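For reference, the chains in residue letters:
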There are 2 protein chains.
Amino acid sequence: MNIGDVARQSGVPPKTIRYYEDIGLIRPNRSENGYRAFTENHVHKLAFLGRARALGFTIEDCRTLLALYEDENRESVQVKAVAEDHLRQIEEKIEKLQSMRTTLTDLVEKCAGDHRPDCPILADLSPVRMSE
Amino acid sequence: MNIGDVARQSGVPPKTIRYYEDIGLIRPNRSENGYRAFTENHVHKLAFLGRARALGFTIEDCRTLLALYEDENRESVQVKAVAEDHLRQIEEKIEKLQSMRTTLTDLVEKCAGDHRPDCPILADLSPVRMSE
DNA sequence: ATTGACCCTCCAGTTACTGGAAGCCTTATA
DNA sequence: TATAAGGCTTCCAGTAACTGGAGGGTCAAT
């Protein structure tokens, strides 16, 4: 199978597939003409990677998850640990963003948004008190 | 004032200050010895940048905000537009992350997390049905 | 004169791709 | 058979916003 077919079947773009090969996530063979030769298994792996990435797992997480995926002797606790860790980081990000949102919403509400220069948003960002 | 003092007063690290000069956010003079020479105004600007960055504004947003900050003829609607746009992007990110969290929380809950290989997390990532 | 704390520049690495250039391979059509 | 379209290849560069480190001047105090 050529890279285009695999891209279509897995949902992962050709560029990304080549990149994944570069960093050693997949190892397709080569045809005589130099084209990458993929198997069904590669399609599965790439779809796996696509889903993992969509859930926000880093490439390194993906590497780990893929290894566990292929390891018949894995213990589910290993997988769970990776997922829990990732979950924690997502929650941290959410909290950070929510805090930003709270502040920003507040500032945006306070700002008249008219032709005058006075602006509570700039006032808040500014370390010196603006027009009082 | 040298870069170290400015860093302490503004809360922005020296490396970052140099970077901000590189990309044209600030333009300190130079002393005869080649050291950057900062003024109080630079400290204000850097503190401004620090706060804007903490609210998640991009560097380009910061550039715009800084220009508005210094423009006495600005209209608050300009500032508000930047903030509202940013707020929208934050909200998008939050939604994406919350969706990930929902899925991940669900998967983590379902996973036994023991010594056995069966794992709903991997099963979900996998395009082929695992052990049924 | 030397030590230690600053300061300087320049280069490289981070994350996960993505775009583009230059050029071969294959397949279909005129 | 010539050629054109589309697919494949490699390699280089750029993205965002820094951060770390090497190699090397400067300054203040001892």
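Residues numbered from 1 in each chain as written. Chains lettered and ligands numbered in written order. Predicted model: local features only at pLDDT ≥ 70, side-chain atom pairs only at ≥ 80, totals over all residues. Heavy atoms only, no water.

Topic: the overall build of chain A
What chain A contains, in helices and strands, is six helices and two strands. Across chain A, helices and strands are ordered from the amino to the carboxyl terminus as α-α-β-β-α-α-α-α. Against the compact-globule benchmark of 14 Å for 132 residues, chain A has a radius of gyration of 24 Å, which places it well outside the compact range. Along the longest, intermediate and shortest principal axes, the C-alpha atoms of chain A span 75 × 40 × 20 Å. Taking all 132 residues of chain A together, 40% fall into the buried category. Taking all contacts inside chain A whose residues are at least 6 apart in sequence as the whole, residues at least 24 apart take part in 40%. Of the roughly 7,500 Å² of accessible surface on chain A, 45% is carried by carbon and sulfur atoms. Computed over 19 positive and 22 negative side-chain charges, the separation of the two mean positions in chain A equals 4 Å. (Helix = DSSP H or I, 4+ residues; strand = E, 2+ residues; numbered from the N terminus. Rg over C-alpha atoms; globule rule 2.2 N^0.38 Å. Buried < 20%, exposed > 50% of the residue type's maximum accessible area, 1.4 Å probe, protein only. Contact = heavy atoms within 4.5 Å. Areas by Shrake-Rupley, 256 points an atom, 1.4 Å probe, with all protein chains shown as cover. Lys, Arg positive; Asp, Glu negative; His and termini not counted. Charge placed at Lys NZ, Arg CZ, Asp CG, Glu CD.)

A short note on the environment of E21(A)
Residue and element names in this part refer to chain A. If you trace the backbone, E21 turns up in helix α2 (residues 14-22). The exposure class of E21 is buried, given its relative accessible area of 18%. As for E21 and G50, which are separated by 29 residues in sequence, their C-alpha atoms are 14 Å apart. E21 has contacts with I26, P28, R30 and R36, leaving out every residue within four places of it along the chain.

Describing the protein's contact with DNA strand C
Near DNA strand C lie 19 residues; those nearest to it are K15(A), Y20(A), R53(A), G4(B) and R36(B). When the atoms of DNA strand C within 4 Å of the protein are sorted by group, sugar and phosphate make up 70%. Separating a phosphate oxygen of DNA strand C from a backbone N or O atom of G4(B) is a distance of 2.7 Å. Sorting the residues of the surface near DNA strand C by element identifies α2 of chain A together with α1 (3-10) and α2 (14-22) of chain B as the ones contributing at least two each. Counting residues per element, the surface near DNA strand C draws most heavily on α2(A), at four residues. (Near = heavy atom within 4 Å. Polar contact = N/O pair within 3.5 Å; in protein donor to acceptor, adjacent residues only side chain to side chain.)

Some remarks on the interface of chain A and chain B
Taken together, the contacts link 53 residues of chain A with 53 residues of chain B. With both sides pooled, the region where chain A packs onto chain B buries about 4,700 Å², and carbon together with sulfur makes up 74% of that total. Linking chain A with chain B are zero salt bridges, by the criterion used here. Linking chain A with chain B are 18 residue pairs in polar contact (both at pLDDT 80 or more). Taken together, the residues that form the side of chain A that touches chain B break down as 30 nonpolar, ten polar and 13 charged. (Buried area = accessible area lost by both parts, 1.4 Å probe. Salt bridge = Lys/Arg side-chain N within 4 Å of Asp/Glu carboxyl O. Nonpolar A, V, L, I, M, F, W, Y, C, P; charged D, E, K, R; others polar.)

Some remarks on the domain arrangement of chain A
By a widespread convention, an interface's size corresponds to the accessible area lost as its parts come together. Structurally, chain A comprises domain 1 (1-56) and domain 2 (75-132). The gap between the C-alpha centroids of domain 1 of chain A and domain 2 of chain A is 37 Å. (Domains from an automatic or database assignment.)

Observations concerning the packing of helix α1 (residues 3-10) of chain A against α2(A)
The angle between the axes and the distance between the axes are what describe a pair of packed helices. All names here are of chain A. Where α1 meets α2, the axes come as close as 9 Å, and the angle between the chain directions of the two elements is 105 degrees. Considered as vectors, α1 and α2 are oriented roughly perpendicular to each other. Contact with α1, carried on its side by I3, V6, A7 and S10, involves P14, I17 and R18 of α2 and no other residues of that element. Within the contact of α1 with α2, the residues separate by chemical class into five nonpolar, one polar and one charged. (Axes fitted to C-alpha atoms, helices over the stretch in contact; angles between N-to-C directions. Parallel < 35°, antiparallel > 145°, perpendicular 65-115°, else oblique.)

Description of helix α4 (residues 59-70) of chain B
With twelve residues, α4(B) should cover 16 Å at 1.5 Å per step; its first-to-last C-alpha distance of 16 Å lies within 8% of that length. Looking at α4(B), one finds that the buried residues are I59(B), D61(B), C62(B), L65(B), L66(B), L68(B) and Y69(B). Here the buried face of α4(B) lies against α6 (120-125) of chain A together with α2, α3 (40-54) and α5 (76-110) of chain B. (Expected span 1.5 Å × (residues − 1).)

Quick word on the protein's contact with DNA strand D
The immediate surroundings of DNA strand D are formed by 18 residues, with Y35(A), R36(A), K15(B), Y20(B) and R53(B) found nearest. Of what DNA strand D places within 4 Å of the protein, 66% of the atoms are sugar or phosphate. Between DNA strand D and R53(B) there is a distance of 2.8 Å, counted from a phosphate oxygen to a side-chain nitrogen or oxygen. Within the residue set of the surface near DNA strand D, elements represented by two or more residues are α1 and α2 of chain A together with α2 of chain B. Per-element accounting of the surface near DNA strand D gives the leading share, four residues, to α2(B). The residue makeup of the surface near DNA strand D, split by class, is six nonpolar, six polar and six charged.

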